[in-house]
Amino acid sequence: MAIGLIIIGDEILSGKRTDQHFPKVVSMLKARGLQLSWAEYVGDEPARLVALLKRSFASGDIVFSFGGIGATPDDHTRQAAADALGLPLVLHPQGKVNIQQRITEMGAEAGVPADLNSPENLHRLKMAEFVEGAELIPNPYNKIAGFAVREHYFVPGFPVMSWPMIEWVLDTHYSHLFNQVPHAEHALLVYETAESLLTPLMVRLEAEFPLIKVFSLPSVGDAQTRRHIELGVKGEPAQAAAAFADMRAALDALQAEYTTI
């Protein structure tokens, strides 16, 4: 089953904020023997967000979505998910309780009794309006939950909240997938060699070792490093080891200069 990532927010696309979620999700998945298959960035544009979610719901993938589940005018993710599925938004009973508990706690901390029926606090309940049938994702930071529907997991954009929430989802719902696919990776640096000269080798290795992928990352070099290509194989451990040995032998035959990394 593939795993996808959606990162939402005009502030990311405008450069006002730098995305931190992509590398963190990759790291969380890698620690569990899982791998990200795709990622998409999208702004706070409802129609575009609905179209993206329609595609991702139809894919059957596990999808983590960051951002846009607050209660301000630019938070469209909850409604977009509902529209993509053709379902209504409904106030989740436990989600409502969680928010009210948080409001009460904040009042106690400030020494002011909380009025749960004030316009401001009633508006906060919108953060508990989720797609009909959605389940809650607990938020250990402030109790204001995210939501899950059809293997899509919607969390806030704030890392301090969202990262523990995603880890909870992985460990609670997908531990049976952890470390199920053995994986190994081997690489070397090939110096001053044209990538076109190495392409036939890469094609042959993938044909002869169907459980691996070959990767090639050219670099023009800099003051410290000569022009080189990071060339490697990744995949099923036994085939990866055999393919890497084959790769080194082929490079020796080409009299290419390389160092293993």
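No experiment lies behind these values; they were computed from the predicted model shown. Per-chain numbering applies: the sequence of each chain, read as written, is numbered from 1 onward. A pLDDT threshold of at least 70 governs which residues receive local features in this predicted model, and a stricter bar of 80 or more applies before side-chain atom pairs are shown or counted, although totals over entire chains, interfaces and linings include all residues. Excluding hydrogens and water, the side-chain values take into account all heavy atoms of the structure.

**Considering the UniProt feature "domain: MoaB/Mog" (unreviewed entry) in the chain**
Spelled out, the test is: UniProt positions are given in the numbering used here, feature names are shortened, and annotations may be inferred rather than shown by experiment. Working definition: helices are DSSP H or I runs of at least four residues, strands are E runs of at least two. Numbering for both runs from the N terminus.
Those places that UniProt annotates as "domain: MoaB/Mog" (unreviewed entry) correspond, in this numbering, to residues 4-177. A distance of 15 Å separates the end C-alpha atoms of residues 4-177, which is 44% helix and 18% strand.

**Description of helix α8 (residues 195-208)**
Because an α-helix packs 3.6 residues into every turn, residues spaced three or four apart end up facing the same way. The criterion, for reference: Multiplying 1.5 Å by the helix residue count minus one yields the expected span of that helix. For every residue, the accessible area obtained with a 1.4 Å probe (protein chains only) is divided by the maximum for its type, and the residue is called buried under 20%, exposed over 50%, and partly exposed between those limits. Arc definition: it is the arc formed by the directions from the helix axis to the C-beta atoms. For this analysis, residues touch if any pair of their heavy atoms sits within 4.5 Å.
With 14 residues, α8 ought to run about 20 Å at 1.5 Å a step, and its terminal C-alpha atoms sit 20 Å apart, in line with that. Within α8, the full set of buried residues consists of Leu 198, Leu 201, Met 202 and Leu 205. Viewed end-on, α8 has its buried residues packed into an arc of 105 degrees, placing them on one side of the element. Of the residues in α8, the exposed ones pointing more than 90 degrees away from the buried face are Ser 196, Pro 200, Val 203 and Ala 207. Looking at the packing, one finds that the buried side of α8 touches β9 (184-191), β10 (212-219), β11 (228-235) and α9 (237-253).

**Quick word on the sheet that holds strand β1 (residues 3-8)**
The condition that has to hold: The criterion for strand pairing is that DSSP finds at least two bridges linking the strands in question. Throughout, an axis means a line fitted to C-alpha atoms (over the contacting stretch in the case of helices), and angles, computed between N-to-C directions, take values from 0 to 180 degrees.
Read from one edge to the other, the open sheet built from six strands follows the order β2-β1-β3-β8-β7-β6, with strand pairing classed as mixed. At either margin of the open sheet sits one strand with a lone partner, and together these are β2 (38-42) and β6 (135-137). Between one strand axis and the next, the sheet turns by 20 degrees as a mean value, whatever way the strands run. Two strands pair when backbone bridges link them, and β1 and strand β3 (residues 62-66) are joined in this way by five bridges, in the parallel orientation. Across the sheet, residue Leu 5 finds its bridge partner in β3, namely Phe 64.

**As for a nonpolar patch on the surface**
Quick reminder of the rule: Residues form patches when they are more than 30% accessible in relative terms and have no salt bridge. Like charges link within 9 Å. Nonpolar side chains (Val, Leu, Ile, Met, Phe, Trp, Tyr) link within 5 Å. Calculation of accessible area relied on Shrake-Rupley with a 1.4 Å probe; when residues are assessed, cover is drawn exclusively from the protein chains displayed. The salt bridge criterion pairs a side-chain nitrogen of Lys or Arg with a carboxyl oxygen of Asp or Glu, the two atoms within 4 Å.
Taken together, the side chains of Leu 13, Phe 22, Val 26 and Tyr 41 define a hydrophobic patch exposed on the protein surface, amounting to about 340 Å² of accessible area. Locating Phe 22 in the fold gives a position in helix α2 (residues 21-31). Judged by its relative accessible area of 33%, Phe 22 falls in the partly exposed class.

**Here we look at the packing of aromatic side chains**
The cut-off we apply is this: For Phe, Tyr and Trp, where Trp contributes only its six-membered ring, two rings pair if their centres lie within 6.5 Å, and the inter-plane angle classes them as stacked under 30 degrees, edge-to-face over 60, or tilted in between. Working rule: Lys NZ or Arg CZ, within 6 Å of ring centre, within 35 degrees of ring normal, means a charge sits over the ring.
A full pass over the atoms with the stated rule returns four aromatic pairs. Look at Phe 64 and Tyr 153: their rings are 5.7 Å apart centre to centre, the planes differ by 35 degrees, and that puts the pair in the tilted class. Of this pair, Phe 64 sits in strand β3 while Tyr 153 sits in strand β8 (residues 152-155), placing them 89 residues apart in sequence. For the residue pair Phe 64 and Tyr 153, the accessibility class agrees, reading buried in each case. Here Tyr 153 and Tyr 174 contribute two aromatic rings whose centre-to-centre distance is 6.0 Å and whose plane-to-plane angle is 90 degrees, an arrangement assigned as edge-to-face. Placement of Tyr 153 in strand β8 and of Tyr 174 in the loop between α7 (159-173) and β9 is noted, with a sequence separation of 21 residues between them. Judged by its relative accessible area of 7%, Tyr 153 is buried. Just above the ring of Tyr 191 sits the side chain of Arg 226; from NZ or CZ to the centre is 4.4 Å.

**Describing the side chain of His 152**
So the rule is basically this: Pairs of N or O atoms are called polar contacts if they sit within 3.5 Å, as long as, within protein, a hydrogen donor faces a hydrogen acceptor (for residues adjacent in sequence, only side-chain-to-side-chain pairs).
Considering the arrangement of structural elements, one finds His 152 in strand β8. On the basis of relative accessibility, which here comes to 1%, the residue His 152 falls in the buried class. Separated by 2.8 Å, the side chains of His 152 and Ser 56 make a polar contact.

**Observations concerning the pairing of strand β7 (residues 146-149)**
Here β7 shows a buried face lined by Gly 146 and Ala 148 and a second buried face lined by Phe 147 and Val 149. Bridge analysis of β6 against β7 gives three bridges, and the strand direction is antiparallel. Residue Glu 135 lies in a different strand from β7, and its bridge partner there is Ala 148. As defined by bridge partners, β7 adjoins β8 across three bridges and the pair is classed as antiparallel. Among the inter-strand pairings, Ala 148 is bridged to a residue of β8, identified as Tyr 153. Between β7 and the antiparallel strand that follows it, β8, lie two residues; Arg 150 among them carries a positive phi value of about 50 degrees.

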